[in-house]
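# Structure at a glance
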Amino acid sequence: MSLVLLGGFVNVLKQKTEPAEAFNGAGVGTEASPIRCTLLGTPRSPAFSKDGDFLIGGVSSIHYQLYAVIYNYTTKPEPPRCTGSFNARGLRFFRTMIFAIEEINNSTELLPGIKLGYRLYDSCVSVPVSVHVAFQLSNGQDPVVYTGDNCSQSGVVVAAVGDSGSSPSISMSHIMGPFNIPLVSHFATCACLSDKQQFPTFFRTIPSDHYQADALAKLVKHFGWTWIGVVHSDSDYGNNGMASFLEAALREGICVEYIESFYRTNQQSKIRRVADVIRSSTAVVVVAFTAIGEMKVLLEELVRDPPPPRQWIASEAWITDSNLMRFSFCAGAIGVAIQKSVIPGLRDFLLDLSPSEVAASPMLTEFWEDAFNCSLTETADPNKRVCDGTEDLKTLKSPYTETSQLRISNMMYKAVYAIGHAIHNALCEEKNATVRCDKHIGLEPKQVFIELQNVNFSKNGYHVSFDANGDPVAFYELVNWQKSESGVIELVTVGYYDASLPRGQEFHINRNITWLDGGTQVPVSVCSESCPPGTRKVLQKGKPICCYDCIPCPEGEISNITDSPDCIPCPGEFWPNPKRDACFPKPVEFLSFDEVLSIILAVFSVGGAFLAIITGMLFYHHRTTPIVRANNSELSFLLLFSLTLCFLCSLTFIGAPSEWSCMLRHTAFGITFVLCISCVLGKTIVVLMAFKATLPGSNAMKWFGPPQQRMTVLSLTLIQVIICIIWLVVSPPFPVKNLTTYKEKIILECALGSAVGFWAVLGYIGLLAVFCFVLAVLARKLPDNFNEAKMITFSMLIFCAVWITFIPAYVSSPGKFTVAVEIFAILASSFGLILCIFAPKCFIILFQPEKNTKKYLMNKQ
C-alpha cells in the first residue's frame, strides 16, 4: 500500500457499523470498522490531460508569478494559482511532450497496443506549486485515496517529466523519490541533482551544470579574460551553478571583481543595486548564471540606464531565449546552449490548433488571446477586440512557433521517449519478430525506475542514455548573439563543447564571433595588463592575484615569458640584454694590444728599451772616457741591460692572460728589477768605497773591487730567483675570470696564486731600494765635482715614490686598470732610473765633451 499522509491534507474517518458488545469478562467482542482516507485539499487542475493505460506526469513553467492568496480560515482554500506574463516557450515544451506521447501511441514498434495518458501542470517556477503537484502526481486525483485494504491508483503516474527549474525539481524529487517514482527533467541542471544518495530516482536529458560551469570557465580562459564580474540567480540553480563555476575559474586562474545574487521577486531596490554594480565595475566581461526570469528583470533595469559596453557570458538557461534578444545592448553575448535539433512533424503539430481545441483549454485560450491581442469571448475592455477567426498561427512570430532553434524542446522530447522505452522494456517482449505488450500487468513506478537506468537508444539521430548519476553525455553548442543586416539580433552557432573529448580539446570554434558593440576584435577584460618579458608580477596589496604591478627584473636577472611571476638570474658568465628578456655572454675584458691605452704603454715600453740600448751603445762608443769609466763601467752596462729587460717585461702584462704569461710577467718583473736595483746598489757602494780609498792608509777598494761587485749583484739577484722559484712551485699565478668586480663583464686577469709570494717579491725589491736610497743619501755630499751618488739618490727617490703610491693604486684599481697601474709603475720607475743616472752623463758626452776629463771630474769644489 502506497499512502501519502499530509498534515491537514488527508482526513481519516472511522465509521462503526454496529455498537460494541458489552464486556463479559471473557473478552471483548467488537466488529471491524472500515477506514476511509480522503483528500481535504482542492485538487489542482492540470493544464493538459488525457487518460490512458498508463499515465505520465509533466511539470513545467508557463507563468512566472504566483497569485497571492489571503486565507481567511472560513472557507476551503484554493490551490495556488499561477499568474503574470504568459510564457509561450513553456507552452511549446508542453505541446512537444504531448506530440511525443501521441507519436508513441501511434507507433507500432514502441508500446504497440498501449496508450499513454498524461497530466501536465504549470508550476510557475514556484517551489510550493511544484510540491503540491508532486503530491498530486503521487496520490492521484481520486478524493478517496484509501478504502479498507485498497489504495486508489486513479491518476497515479508511473513516471514524470519535469520540472524546468532546479529548485522545484529538488523539491519534487525529495517527495517522489521515496515512492520510487522516476522524475526525468528536461531543464533542471543543478549539479547537486547528480547525488544519488539524495535523489535516487532523478534523471535528466540535459547535461549537469558541472559540465556547463567547466565549459564557461574554459570559455573565459580561452579568450584571455582574467578579470570578470558574475551575477547569478539566488536559487539552487544559480547558487550551485555559480559555486561550480567559481571553482573551475579558480583552477583556470580567473579573478572575480564582484559576485551578485538576486531573485526575480526581490524588491526593485535590490535589482537596481545589482545593476549599479555592473555599471560601475571595471570588468568588461560579465558572466550571468541566471534563469530566464532573473535575467529578464535585470536587463529591464539595465536598459533604463545602459551601462558601458559589457561582454555577456551566458548560461544555457537564457542564452537561447528569443524574448531577451530584444535588449540590443547585449548584442555580442556568447554562451553555451543545448544542441540545436530537428524534430520531424513538430512544427505542423504546433500549428494544428483548431478554434474548438483552443476554446476548450483555458491554457490555450490564454495563449491565443495573448498572442493575437484579442478575446475569444465578449470583453469589457474597449482596447481589446474580439477574435474573428482570421488569426493564423503560421504568420505568428512567437517563441511558440519558433522551431528553427529547438533545443530544450528536444530535451523534453527525449525525456518522454526515455520513459516510453522504460515502460516498453517492462511490459513488452518480442516473440517471432512480433512485439507484444501486456497492458494488464500491474506496472509499478519502481519497474519504470529500474528500466530507465538501462535505456539506450537513438531518436532522430540523437542518442539517449544515462550514466550512474542519471546524467547524459555533456555536449554544448557555442552560440553568439549577432545583429543581422536588418538590426535584429539572431542566435548563431559558432562552435561546440564536447566534454567527452580529451582535456584541452573540448572547445572547437568554427566561425567568426561578433563581440560587444558588433566588434570583431576580442575585448580585453583584465585587472592589470600583461607584464612583458623583462618584468615580473608583483601582487597589489589587498587585491586578487590578477591585479598586479609590473616590476623590471633586478640587475643580472631576466624573464623571457609574459606575466612571469619571478625573474631568473643569468648564469655566472652571462648578463641580461637591456630589455632583460635574454642572457648573453658577458664581454671579456683584458688589456689587449688593440686598445689605445695598451698602445701608449707599449710605445713607452719599447721606447724605453730603445733608449736603454742607445744609451748602452753611446757608452760603449765612449767607453774609454772618464765619465763612462767612473764608478765601474761594467755595472753601468749591466744596469742598462737590466733596464732594457725592465722596459720589455712590461709587454708581458699586455694581452690575454695565460698560464705561462701569468707566471712570466710577475717573475720577470721581480727578477729584472732586483737585477736593476742590485746594480744601482753596487754603484752606490762603489761611490762610498772610492771616497774611503782616497783617505790616507785606506785600502777599501781592495775589498770591493769588480769581482766583489759582480758577486754582490749575482747574490742579491739569486735571492729573488729563489723566492720566485718557491712561489712558482707552491702556488704560481694563474689566469682567472673575475666575475665579481663588474657584474656586467668578465675581467680576465692573473690571480696571484700565493699572495705571500707576490708581496715577498715586491717586499724584497722595496728592501733593496730603501737600502740603496739610504746609502745614496749618505754619499750625496762627497766632494767630487761629478758625484754619481746624487743622481742615484734622485732615482731611488723617484723609484720609492712610484712603488709606494703603486700599492694603494694597485689594490683599488678595477679590472684591466690594475694591470695598467702595474705597467705604469714599471715604466715610471725604469724611466726614473735611466734618466736620473744616465741622462747627465749622456749630456756631458754629447754636449759638454770638455767636462769629460779626469781633471774636471777630480776637481774639488
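Let me begin by describing the structure that accompanies this report. (Residues numbered from 1 in each chain as written. Predicted model: local features only at pLDDT ≥ 70, side-chain atom pairs only at ≥ 80, totals over all residues. Heavy atoms only, no water.)

All right, on to the pattern of salt bridges then. Summed over the entire model, instances satisfying the criterion amount to 26 salt bridges. The salt bridge involving lysine 737 is made with glutamate 573; its shortest N-O contact spans 3.4 Å. Of this pair, lysine 737 sits in strand E34 (residues 734-738) while glutamate 573 is found in the loop between strand E30 (568-569) and strand E31 (574-576), placing the two residues 164 residues apart along the sequence. What emerges from the salt-bridge pattern is a single network uniting Asp214, Lys218, Glu247, Arg251 and Glu506. (Salt bridge = Lys/Arg side-chain N within 4 Å of Asp/Glu carboxyl O. Helix = DSSP H or I, 4+ residues; strand = E, 2+ residues; numbered from the N terminus.)

Enumeration over the complete set of coordinates arrives at 27 aromatic pairs. When the ring of phenylalanine 223 is compared with that of tryptophan 515, the centres are 4.8 Å apart and the planes differ by 80 degrees; the resulting orientation is edge-to-face. Note that phenylalanine 223 is positioned in the loop between helix H4 (209-222) and strand E13 (227-233) and tryptophan 515 in the loop between strand E26 (507-509) and strand E27 (535-539), a separation of 292 residues in sequence. A single burial state applies to phenylalanine 223 and to tryptophan 515, both of which are buried. Ring-pair connections join several aromatic residues into one group, and the members of that group are Phe99, Phe349, Tyr413 and Tyr417. The ring of tyrosine 548 has lysine 537 lying over it, and the distance from NZ or CZ to the ring centre is 4.8 Å. The ring centre of tyrosine 742 lies 4.2 Å from the NZ or CZ of lysine 745, which sits over that ring. (Phe/Tyr/Trp six-rings, centres within 6.5 Å; stacked < 30°, edge-to-face > 60°. Buried < 20%, exposed > 50% of the residue type's maximum accessible area, 1.4 Å probe, protein only. Lys NZ or Arg CZ within 6 Å of the ring centre and 35° of its normal.)

Neighbouring strands of a sheet are bound in pairs by backbone hydrogen bonds; such pairs are parallel or else antiparallel. Strand order in the open sheet formed by three strands is E33-E35-E34, with mixed pairing between adjacent strands. What marks the edges here is a single partner per strand, and that holds for strand E33 (588-589) and E34. The sheet contact formed by E33 and strand E35 (residues 746-751) spans two bridges and is parallel. When the bridges of E35 are listed, glutamate 589 appears paired with isoleucine 747. (Pairing = 2+ DSSP bridges.)

For any two helices packed against each other, one specifies the inter-axial angle together with the distance between the axes. With their axes 9 Å apart at the nearest point, helix H1 (residues 88-105) and helix H11 (residues 408-427) run at an angle of 35 degrees to one another. The chirality of how H1 crosses H11 is right-handed. On H11, the residues that touch Arg89, Arg92, Phe93, Thr96, Met97, Phe99, Ala100, Ile101, Glu103 and Ile104 of H1 are Ile408, Ser409, Met412, Tyr413, Val416, Tyr417 and Gly420. (Axes fitted to C-alpha atoms, helices over the stretch in contact; angles between N-to-C directions. Left-handed = near helix turned anticlockwise from the far one by under 90°. Contact = heavy atoms within 4.5 Å.)

Among the structural elements, serine 754 can be located in the loop between E35 and helix H19 (755-779). Apart from residues no more than four positions distant in its own chain, serine 754 is found in contact with Trp727 and Ser731.

Below, the discussion takes up empty space enclosed by the protein. For the structure on display, the rule yields two cavities of 30 Å³ or more. Quantified by volume, the largest cavity comes out at close to 50 Å³. Phe590, Leu591, Phe653, Gly655, Pro657, Arg665, Leu748, Glu749, Lys816 and Val819 are the residues that line the largest cavity. Listing elements by their share of the lining of the largest cavity, those giving two or more residues are E35 and helix H21 (816-847). Each residue belonging to the lining of the largest cavity can be placed in one class, and the counts come to six nonpolar, one polar and three charged. (1 Å grid on protein atoms, 1.4 Å probe; cavity = no way out; pocket = protein on both sides within 12 Å on 5 of 7 lines; lining within 4 Å. Points joined across faces, edges and corners; volume = space filled by probe spheres on them. Nonpolar A, V, L, I, M, F, W, Y, C, P; charged D, E, K, R; others polar.)

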